[in-house]
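Residues per chain, in single letters:
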Amino acid sequence: MDKMKIIGGKKLNGEVSAGGAKNAALPILFSTLLADGEHVFTNVPDLRDIKSAMLLLDSFGCETHFANNTLKVKVNKIKTIEAHYDLVRKMRASILCLGPLLARHKKAKVSLPGGCAIGSRPINYHLDALTLLKTEHRIESGYVVAETTGLVGDRVIFDMPSVGATENIMMAASLAKGVTIIENAAKEPEIVDLADYLIKMGANIEGAGTSIIKITGVDSLSPAEHSIIPDRIEAGTLLIAGAITGGSVKVNNCDPTHIEALIAKMRESGFNIEAGADFVSVTETSNWKAIDVTTAPHPAFPTDLQAQYMVLMTQAEGSSIVTETIFENRFMHVQELLRMGAELSPKTRVCIVRGKKGGLNGAPVMATDLRASASLVLAGLVAEGETVVNRIYHLDRGYEKLEDKLSNLGASIQRIE
Ligand code: EPZ
């Protein structure tokens, strides 16, 4: 298994570009099942999760082709409505094929995704909402078996603004009879990007990006072309990489309005952040204050940047409290950071961070999930000596060539096959 070796202590300086958003590309890829023909996407990141989604689409009888961050999906007559366990277990987002399969083919058999390191990841909001749209389903040997005589629009109110459930229902409702209203919908930029693509295919959707989305079903959709929005989590991770090393880094090809909560926190902490139309930059800062953070649905601070922000606070002056409200077990990085000398006191949903500049020492550490692995790389950038991050296949799920991007900024980092 690949590892990442980092020698800490180098200031990062220069310019770097964010790639396309994994969490926009994945639902958009599954939305292609709503319309036969060739769909073309640009600014698609080259990631393991994208490859997993391609394998699943191919298993349905689609023909996918990826080159130079352009992905073509030719949707032909469907071969099967089953999303097999071996493919789904690699990537939970595969559950996003449920809505499109039901909308287009009136049945679906999708393996239950199963939990992952950060939590149990239930799909009750997805299933309850699809039931409202006249779907019947049962759980059969680890699969959701669902069918409908034809989806019919209804009012769906989510207990929590679930990203995946909002996406599944938006896709399903696009071809349902009548109008569907989603209340307490997720408002993430990736929801807006999916809606933009569905509208390009001919869907009738209003309100994406707000907590009330109205979808008026249409008879059919047609394939289109689309450029995926920039990855706000990668952009935030790269910004923190520059900040934590005390360097000056400019992240291009990103949308700073997608990470306003992070920018506000970093400014409050004492960083000089400049935000332009398609870039965000941090200039050299030697001391910054500890500032508390609580993760919550967009536009609040994103859970996917919690681990990275925690590492930044290990180098701050003072103590901060990191509160994780989205996932029940998203402090897997804490144990590894403790091994590097961080002064952390984790509770269930809260972790106290006692800042101590220069308090991290390089060590062999273990990646447990995608964003935790990114936080361990960030810790390695400022730790004294050598850090080796094991199991970086987690990192490869969501970051394209991170080691190249960081070494181009001056980091001493290399991948060990
Ligand atoms: C999406 O996951 C993202 N993944 C996650 O990014 C991200 O952390 C998460 O949204 C929150 O922003 C993709 O977009 C592919 P949710 P999703 O449904 O859709 C509970 C990354 O690192 N819940 O908004 O699964 C759930 O357990 C990944 O790129 C239910 O209880 O997130 C969680 O506690 C990690 N029942 C909370 O809601 C449900 O039916 C938010 O989950 C669905 C969710």
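Predicted model, so just to flag it, every value in this text is computed and none were measured.

(A) Main features of the domain arrangement of the protein. Taken domain by domain, the protein holds domain 1 (3–19 + 230–416) and domain 2 (22–227). Inter-centroid distance (C-alpha atoms) of domain 1 to domain 2 is 30 Å. On the domain 2 side, the residues contacting the 24 residues of domain 1 number 21 residues. When domain 1 packs against domain 2, close to 1900 Å² is buried across both sides, 53% of that on carbon and sulfur atoms. On the domain 1 side of the contact with domain 2, His-298, Arg-397 and Glu-400 bury the most area, a combined 31% of that side's loss. Where domain 1 meets domain 2, there are two salt bridges. The salt bridge partner of Asp-49 is Arg-397, with a shortest N-O separation of 2.8 Å. Connecting domain 1 to domain 2 are ten residue pairs in polar contact (both at pLDDT 80 or more).

(B) Representation of the packing of helix H6 (residues 163–174) against helix H7 (residues 189–200). Running from amino to carboxyl end, H6 crosses H7 at an angle of 10 degrees, the nearest separation of the two axes being 10 Å. When the axes of H6 and H7 are compared, the pair comes out roughly parallel. Packed against H6, whose contacting residues are Val-163, Thr-166, Glu-167, Met-170, Met-171 and Ser-174, the element H7 presents Glu-190, Ile-191, Leu-194, Ala-195 and Leu-198 at the interface. Taken together, the residues that form the contact of H6 with H7 break down as seven nonpolar, two polar and two charged.

(C) A look at helix H5 (residues 124–132). Listing the buried residues of H5 in full gives His-126, Leu-127, Ala-129 and Leu-130. Each buried residue of H5 lies within a common arc of 165 degrees when the element is viewed along its axis, so the set occupies one face. Those residues of H5 that are buried are in contact with helix H4 (98–105), strand E8 (136–140), strand E9 (143–147), strand E10 (155–157) and H6. Following H5 by one or two positions, Lys-134 adopts a phi angle in the positive range, close to 75 degrees.

(D) Layout of the packing of aromatic side chains. Taken as a whole and judged by the stated rule, the model has four aromatic pairs. With centroids separated by 6.4 Å and ring planes inclined at 45 degrees, the aromatic side chains of Tyr-125 and Phe-158 adopt a geometry described as tilted. Within this pair, whereas Tyr-125 is found in helix H5, its partner Phe-158 is found in the loop between E10 and H6, the two being separated by 33 residues in sequence. Look at Tyr-125 and you get partly exposed, because its relative accessible area is 21%. The cationic tip of Lys-109 hangs over the ring face of Tyr-143; the distance from NZ or CZ to the ring centre is 5.0 Å. Stacked on the ring of Phe-279, the Lys or Arg Lys-250 has its end atom at 4.4 Å from the ring centre.

(E) Looking closely at the layout of surface pockets. There is about 280 Å³ of room inside the second largest pocket. What lines the second largest pocket is a set of 19 residues, and nearest its centre among them are Ala-103, Leu-175, Ala-176, Val-218 and Asp-219. No other element matches the three residues that H4 contributes to the lining of the second largest pocket.

(F) Structural detail: the site of the ligand. Around the ligand, a shell composed of 22 residues is seen, among which Asn-124, Tyr-125, Ser-162, Asp-304 and Ile-326 lie nearest. In the model, an oxygen atom of the ligand is placed 2.7 Å from a nitrogen or oxygen of the Tyr-125 main chain. Alone, the ligand offers 830 Å² of accessible surface; in the complex the protein occludes 88% of this. Only helix H1 (22–31), H5, H6 and helix H12 (370–382) provide two or more residues apiece to the shell around the ligand. Ranked by residues supplied to the shell around the ligand, first place goes to H5 with three residues. Two domains share the shell around the ligand, each providing at least three of its residues, namely domain 1 (3–19 + 230–416) and domain 2 (22–227).

(G) A look at the sheet that holds strand E14 (residues 225–227). Taking strand neighbours across the sheet as the criterion, the four strands line up as E4-E5-E3-E14 in an open arrangement whose pairing is mixed. This sheet does not close on itself; its edge strands, each paired only once, are strand E4 (63–67) and E14. The average angle at which neighbouring strand axes cross in this sheet is 15 degrees, direction not considered. Sheet topology places strand E3 (residues 37–42) next to strand E5 (residues 70–75); five bridges connect them, and they run antiparallel. Residue Val-40 lies in a different strand from E5, and its bridge partner there is Lys-72. Against the sheet, H7 touches E3 and E14, its axis set at about 160 degrees to E14.

(H) Looking closely at the pattern of salt bridges. Within this structure, the stated rule accounts for 19 salt bridges. A salt bridge links Arg-339 to Glu-336, with the shortest nitrogen-to-oxygen separation between them at 3.3 Å. Within this pair, Arg-339 and its partner Glu-336 are both found in helix H11 (residues 332–339), separated by three residues, close to a single helical turn. Since its relative accessible area comes to 48%, Arg-339 is described here as partly exposed. Within the structure, one salt-bridge network assembled from shared partners comprises Asp-2, Asp-396, Glu-403 and Arg-415.

Thresholds applied
Residues numbered from 1 in each chain as written. Predicted model: local features only at pLDDT ≥ 70, side-chain atom pairs only at ≥ 80, totals over all residues. Heavy atoms only, no water. Domains from an automatic or database assignment. Contact = heavy atoms within 4.5 Å. Buried area = accessible area lost by both parts, 1.4 Å probe. Salt bridge = Lys/Arg side-chain N within 4 Å of Asp/Glu carboxyl O. Polar contact = N/O pair within 3.5 Å; in protein donor to acceptor, adjacent residues only side chain to side chain. Axes fitted to C-alpha atoms, helices over the stretch in contact; angles between N-to-C directions. Helix = DSSP H or I, 4+ residues; strand = E, 2+ residues; numbered from the N terminus. Parallel < 35°, antiparallel > 145°, perpendicular 65-115°, else oblique. Nonpolar A, V, L, I, M, F, W, Y, C, P; charged D, E, K, R; others polar. Buried < 20%, exposed > 50% of the residue type's maximum accessible area, 1.4 Å probe, protein only. Arc of directions from axis to C-beta. Phe/Tyr/Trp six-rings, centres within 6.5 Å; stacked < 30°, edge-to-face > 60°. Lys NZ or Arg CZ within 6 Å of the ring centre and 35° of its normal. 1 Å grid on protein atoms, 1.4 Å probe; cavity = no way out; pocket = protein on both sides within 12 Å on 5 of 7 lines; lining within 4 Å. Points joined across faces, edges and corners; volume = space filled by probe spheres on them. Near = heavy atom within 4 Å. Areas by Shrake-Rupley, 256 points an atom, 1.4 Å probe, with all protein chains shown as cover. Pairing = 2+ DSSP bridges.

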